[in-house]
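Here is how the chains run, residue by residue.
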Amino acid sequence: PGVDIAYQVDNELRAYASVNKSFRFPSYTDLYYRLGGAIGSINLKPEKSVNYELGLKYNDENGYGHVSLFKREGDNLIDWVRLTGSSVTQATNLTDVVINGFELDYVTKTEGWVKEISWLNQFRLNYTFMQSENNSEGFESNYVLDFVEIKTDAVLQLKLTKTILLDWRTSYQDRKGEFVNVKGEEKKYEGIFLTDVKLSTQQKQLNVFVQVSNLFDVDYFDLGNVQNPGRWFSAGLRYNIEFKK
């Protein structure tokens, strides 16, 4: 069950609040997986949580966005953990896990103040912060407690010409917790900056783009010893076919 309520303060501002309950059954992998030092648990219980959110949404001629506070009260959350000094990762339930968070998001509109700046097409800023009232002392959490604590995205879309756009995205993320590297050393996750660049052009129904992800070839781990790609290139096109009614 869940309940949502909203109040339209004026034409531009709306306040809202919500409370929702959710649950998830353990998967086949969580229950029965046994390979490579990872062991599932047949005794896992379904996880349950109560989620609260309180926020404001804003929308005017210049842009739109929202700011919100949220809280998740979890019980028997399913996670894969490794006890300190052990080489085995095992599925288990974590009880009474509380996570609090804050989110801010803003996007400009092209018909707002942006139209006064000839080279700017759009700007977007997103910031998310989460903090747990629990910690993973004595064990390594793969999912529930070793989450991304801070994530910030800033996107600039520039008009190089009337038909050519350049998207510049810079992201920062900082994950909680530690992981054991291939040498058996316990390492703390480090904050990382990532940059993506995309050049695109729109010609009637045809859109063509070239993109460079991880522009500065940052070497980073997002989860455990799973290394993410370095700099990589992609290109593509999209064609919209209009059908007459």
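Residues numbered from 1 in each chain as written. Predicted model: local features only at pLDDT ≥ 70, side-chain atom pairs only at ≥ 80, totals over all residues. Heavy atoms only, no water.

**Some remarks on the overall build of the chain**
- When its secondary structure is counted, the chain shows 1 helix and 20 strands.
- By the compact-globule yardstick of 18 Å for 245 residues, the chain is too spread out, its C-alpha radius of gyration being 22 Å.
- Seen through its principal axes, the chain has C-alpha atoms that stretch 60 × 45 × 40 Å.
- Considering the chain as a whole, with its 245 residues, one finds that 32% of them fall into the buried category. (Helix = DSSP H or I, 4+ residues; strand = E, 2+ residues; numbered from the N terminus. Rg over C-alpha atoms; globule rule 2.2 N^0.38 Å. Buried < 20%, exposed > 50% of the residue type's maximum accessible area, 1.4 Å probe, protein only.)

**Considering the nonpolar core**
- In terms of nonpolar packing, the biggest core is built from 9 residues, these being Leu77, Val81, Leu94, Val97, Ile99, Phe139, Val144, Leu145 and Phe147.
- Sorting the residues of this core by element identifies strand E7 (77-83) and strand E9 (97-108) as the ones contributing at least two each.
- If near-sequence neighbours (up to four positions away) are discounted, Leu145 is found in contact with Asp79, Leu94, Val97, Ser132, Asn134, Asn135, Ser136, Phe139 and Lys176. (Core = buried A, V, L, I, M, F, W, Y, C linked by side-chain atoms within 4.5 Å. Contact = heavy atoms within 4.5 Å.)

**Details of the pairing of strand E17 (residues 206-213)**
- Here 7 bridges tie strand E16 (residues 192-203) to E17, and the two strands are oriented antiparallel to one another. Paired with Leu199 across the strands is Val210, a residue of E17.
- In this antiparallel pair of consecutive strands, E16 and E17, the connection spans 2 residues, and Lys204 shows a positive phi of 55°.
- Bridging between E17 and strand E20 (residues 232-239) involves 8 bridges; their strand directions are antiparallel. The residue of E20 that forms the bridge with Asn207 is Arg238. (Pairing = 2+ DSSP bridges.)

**Topic: the packing of aromatic side chains**
- Summed over the entire model, instances satisfying the criterion amount to 5 aromatic pairs.
- On the numbers, 4.8 Å between centres and 45° between planes, the contact of Tyr172 with Phe193 is tilted. You can see Tyr172 sitting in strand E13 (residues 164-175) and its partner Phe193 sitting in strand E16, a full 21 residues away along the chain.
- By relative accessible area, Phe193 is classed as exposed at 56%.
- Looking at Lys57, its charged tip hangs above the ring of Tyr16, at a distance of 5.3 Å from the centre. (Phe/Tyr/Trp six-rings, centres within 6.5 Å; stacked < 30°, edge-to-face > 60°. Lys NZ or Arg CZ within 6 Å of the ring centre and 35° of its normal.)

**Topic: the confidence of the model for the chain**
- Overall, the prediction assigns the chain a mean pLDDT of 90, with 100% of residues at 70 or greater.
- When pLDDT is averaged over each helix and strand of the chain, the minimum, 74, is found for strand E14 (residues 178-180) and the maximum, 97, for strand E5 (residues 47-59). (pLDDT = per-residue confidence, 0-100.)

**Examining unusual backbone geometry**
- Positive phi, normally seen in glycine, also occurs at Asp96, with a value near 50°.
- A relative accessible area of 54% means that Asp96 is categorised as exposed.
- Phi at Lys204 takes a positive value of approximately 55°, unusual for a residue other than glycine.
- By secondary structure assignment, the location of Lys204 is in the loop between E16 and E17.

**Concerning the sheet that holds strand E1 (residues 2-8)**
- Taken in spatial order, the 11 strands make up an open sheet running E1-E2-E5-E6-E9-E10-E12-E13-E16-E17-E20, and their pairing is antiparallel. The sheet is open, and its two borders are formed by E1 and E20, each paired with just one other strand. Across the sheet, the axes of successive neighbouring strands diverge by a mean angle of 10°, strand direction being ignored.
- Strand direction decides the pairing type here: E1 and strand E2 (residues 13-24), joined by 7 bridges, are antiparallel. Residue Asp4 lies in a different strand from E2, and its bridge partner there is Ser18. (Axes fitted to C-alpha atoms, helices over the stretch in contact; angles between N-to-C directions.)

**Thoughts on empty space enclosed by the protein**
- Under the criterion given, the structure shown has 1 cavity of 30 Å³ or more.
- Computed from the structure, the largest cavity encloses a volume of approximately 50 Å³.
- If you go around the largest cavity, the residues you meet are Gln173, Asp174, Arg175, Tyr189, Glu190, Ile192, Tyr220, Phe221 and Asp222.
- When contributions to the lining of the largest cavity are tallied by element, the ones reaching two or more residues are E13 and strand E18 (221-223). (1 Å grid on protein atoms, 1.4 Å probe; cavity = no way out; pocket = protein on both sides within 12 Å on 5 of 7 lines; lining within 4 Å. Points joined across faces, edges and corners; volume = space filled by probe spheres on them.)

**Structural notes on the environment of Arg238**
- Within the fold, Arg238 resides in strand E20.
- Residues Arg238 and Gln205, 33 residues apart in the sequence, show an inter-C-alpha distance of 8.1 Å.
- Ignoring any residue separated from it by four or fewer positions in sequence, one finds Arg238 in contact with Gln205, Leu206 and Asn207.

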